[in-house]
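The residues making up each chain are set out below.
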Amino acid sequence: LELARADGSYPQLLRTLARVQLLIFDDWLRDPLSRSQARDLLEILDDRYGRSATMVVTQVPVTEWHSRIPDPTLSDAVLDRLIHNAVYDKVKVHHL
């Protein structure tokens, strides 16, 4: 996203991401987001809200998501768009 913003293709990338039928975030919030990343994420989720499916795959407990987005207002907005109307399935993995 940062590269797309730098080369001027950011608006087109957002339109493309809005049209993808299923967008998958793998390793969701493994590392905390910056404010810029959180704003980009909100923009993507806002464009997709109610139109397309978004899947989140993570090992980070839901209870820790809010603290990994630096701005409480951005965090509330991002998580509202993800959790509202969400289907939640916790998979238990057995390690060898």
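The structure displayed is predicted, hence computed values, not measured ones. (Residues numbered from 1 in each chain as written. Predicted model: local features only at pLDDT ≥ 70, side-chain atom pairs only at ≥ 80, totals over all residues. Heavy atoms only, no water.)

Concerning the environment of K90
Rules: Numbered from the N terminus, helices here are DSSP runs of H or I no shorter than four residues, and strands are runs of E no shorter than two. Throughout this description, buried means an accessible area under 20% of the type-specific maximum (1.4 Å probe, protein chains only), exposed means over 50%, and partly exposed covers the range between.
Position of K90 relative to the elements: it lies in the segment after helix 5 (72–83). Residue K90 is classed as exposed on the basis of its relative accessible area of 70%. Along the primary structure K90 and S52 are separated by 38 residues, whereas in three dimensions their C-alpha atoms are 21 Å apart.

What about the nonpolar core?
Put simply, the rule is: The term nonpolar core refers to a set of buried residues drawn from Ala, Val, Leu, Ile, Met, Phe, Trp, Tyr and Cys, joined through side-chain atoms within 4.5 Å. The contact criterion used throughout is that any non-hydrogen atoms of two residues lie within 4.5 Å.
One finds F25, W28, L41, L45, W65, I69 and V78 to be the most contacted residues of the largest nonpolar core, which totals 21 residues. Setting aside anything within four residues of it in sequence, one finds F25 in contact with L41, L45, T54, M55, V56 and V57.

Some details on helix 3 (residues 35–48)
Stated precisely, the cut-off is as follows: The span one expects for a helix is its residue count, reduced by one, times 1.5 Å.
Compared with the 20 Å implied by 1.5 Å per residue over 14 residues, the 20 Å span of helix 3 between its first and last C-alpha is a close match. The secondary structure elements touched by the buried residues of helix 3 are helix 1 (2–7), helix 2 (10–19), strand 1 (22–26), strand 2 (53–57) and helix 5. At the C-terminal side of helix 3, G50 shows a positive phi close to 80°.

Considerations on a nonpolar patch on the surface
This is how it is decided: Within this analysis, patches are made of residues with over 30% relative accessible area and no salt bridge. Like charges are joined at 9 Å or less; nonpolar side chains (Val, Leu, Ile, Met, Phe, Trp, Tyr) at 5 Å or less. Note on areas: these come from Shrake-Rupley sampling with a 1.4 Å probe, and a residue is covered only by the protein chains present in the view. For this document, the term salt bridge refers to a Lys or Arg side-chain nitrogen within 4 Å of an Asp or Glu carboxyl oxygen.
On the surface, L22, I24, M55 and V57 cluster together into a nonpolar patch covering about 320 Å² of accessible area. With respect to the helices, strands and loops of the structure, M55 is situated in strand 2.

Digging into the packing of helix 3 against helix 5
Relative placement of two packed helices is described by the angle separating their axes and the distance separating the axes. Note the threshold: Fitted lines through C-alpha atoms serve as axes, helices being fitted only where they are in contact, and the angles separating the N-to-C directions of these axes extend from 0 to 180 degrees. Helix crossings get a hand from a simple test, with the near helix turned counterclockwise from the far one by less than a right angle marking a left-handed crossing and a clockwise turn marking a right-handed one. All residues other than Ala, Val, Leu, Ile, Met, Phe, Trp, Tyr, Cys, Pro, Asp, Glu, Lys and Arg, Gly among them, are scored as polar; the first ten of these are nonpolar and the last four charged.
Two elements in contact, helix 3 and helix 5, have axes separated by 9 Å at closest approach and are oriented at 30°. Two packed elements cross with a definite hand, and for helix 3 against helix 5 that hand is left-handed. Between helix 3 and helix 5, the residues in contact are R35, A38, R39, L41, L42, L45 and D46 and L74, A77, V78, R81 and L82, respectively. The class makeup of the residues in the contact of helix 3 with helix 5 is 8 nonpolar, no polar and 4 charged.

Quick word on the packing of helix 2 against helix 3
Defined as follows: An angle below 35 degrees is treated as roughly parallel, one above 145 as roughly antiparallel, one from 65 to 115 as roughly perpendicular, and anything else as oblique.
The N-to-C vectors of helix 2 and helix 3 enclose an angle of 45°; their axes lie 8 Å apart at closest approach. Classified by the angle their axes make, helix 2 and helix 3 are oblique. The two elements helix 2 and helix 3 meet at a crossing, and its hand is right-handed. On helix 3, the residues that touch Y10, L14, L17 and A18 of helix 2 are D40, E43, I44, D47 and R48. Of the residues that constitute the contact of helix 2 with helix 3, the class distribution is 5 nonpolar, no polar and 4 charged.

Comments concerning unusual backbone geometry
The residue D27 is not glycine, and still its phi comes out positive at about 55°. Along the chain, D27 turns up in the loop between strand 1 and helix 3. The class of D27 is partly exposed, set by a relative accessible area of 39%. Even without a glycine there, the phi angle at N85 is positive, about 65°. By the secondary structure assignment, N85 is in the segment after helix 5.

Worth remembering: the numbers are spatial, not functional.
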